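Take a look at the letters that make up each chain.
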Amino acid sequence: MTDRVRTRGLAVYLAGVVGLGAVTVTVLLVLFRSGFSAFLSALTRDPEAAVRADPGTVALVFVSVGLVVSLFVLVVVFGARYGPEPEHRETERD
């Protein structure tokens, strides 16, 4: 029973990593295809005007940063839980 639960947890973990990774790559692709380099140039000249002119790019930047952080947390936190067991564990000696 525990093997089945562990396998299900691993499958959900892998599906989450693959799904979140695909969404992250898609958002980053949309960000760079939307003229992100031109937005950065405008941001260096006049930040307030650049943000007012293109709030969608600002939103995409925040979404992409959030997705990358979420992916990192998913891989580290849940990977530690559902990852492979260490081959050997040091036991406490009396």
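1. Notes on the overall build of the protein
Counting its regular elements, the protein contains four helices and zero strands. Expressed as a percentage of its 94 residues, the buried residues of the protein come to 16%. For the protein, restricting intrachain contacts to residue pairs at least 6 apart in sequence, the fraction spanning at least 24 positions comes to 77%. Accessible area for the protein stands at about 7,600 Å²; split by element, carbon and sulfur atoms hold 66% of it.

2. Remarks on the packing of aromatic side chains
Applying the stated rule across the entire model yields two aromatic pairs. A ring pair is formed by F32 and F36, whose centres lie 5.4 Å apart and whose planes are at 85 degrees; its orientation type is edge-to-face. Three or more aromatic residues joined by ring pairs form one cluster here, namely F32, F36 and F39.

3. Some words on the pattern of salt bridges
By the definition in use, this model includes one salt bridge. Of the charged contacts, one joins E48 and R52 as a salt bridge, the two residues approaching to 2.7 Å between their closest N and O atoms. On the criterion of helical spacing, the pair formed by E48 and R52 is a turn pair, its members being four residues apart in helix α3 (residues 47-53). Residue R52 is classed as exposed on the basis of its relative accessible area of 66%.

4. A look at the side chain of T24
Structurally, T24 is set in helix α1 (residues 2-33). Exposure remark for T24: the relative accessible area of 6% places this residue in the buried category. Dropping the residues within four chain positions of it, T24 is found in contact with L67 and V68.

5. Here we look at a nonpolar patch on the surface
On the surface, V65, V69, F72, V73, V75, V76, V77 and F78 cluster together into a nonpolar patch covering about 680 Å² of accessible area. Its location among the elements puts V69 in helix α4 (residues 55-82).

6. Topic: the confidence of the model for the protein
With 83% of its residues at a pLDDT of 70 or more, the protein shows a mean pLDDT of 85. By mean pLDDT, the top-scoring element of the protein is α3 (93), and the lowest-scoring one is α1 (87).

7. Considerations on the environment of L67
Positionally, L67 belongs in helix α4. Leaving out residues up to four positions away in the same chain, L67 has contacts with L20, V23, T24 and V27.

8. Looking at the environment of L28
When you line up the elements, L28 lands in helix α1. Spatially, the C-alpha atom of L28 lies 9.7 Å from that of L67, the residues being 39 residues apart in sequence.

The rules behind these values
- Residues numbered from 1 in each chain as written.
- Predicted model: local features only at pLDDT ≥ 70, side-chain atom pairs only at ≥ 80, totals over all residues.
- Heavy atoms only, no water.
- Helix = DSSP H or I, 4+ residues; strand = E, 2+ residues; numbered from the N terminus.
- Buried < 20%, exposed > 50% of the residue type's maximum accessible area, 1.4 Å probe, protein only.
- Contact = heavy atoms within 4.5 Å.
- Areas by Shrake-Rupley, 256 points an atom, 1.4 Å probe, with all protein chains shown as cover.
- Phe/Tyr/Trp six-rings, centres within 6.5 Å; stacked < 30°, edge-to-face > 60°.
- Salt bridge = Lys/Arg side-chain N within 4 Å of Asp/Glu carboxyl O.
- Patch = residues over 30% accessible without salt bridge, like charges linked within 9 Å, V, L, I, M, F, W, Y side chains within 5 Å.
- pLDDT = per-residue confidence, 0-100.

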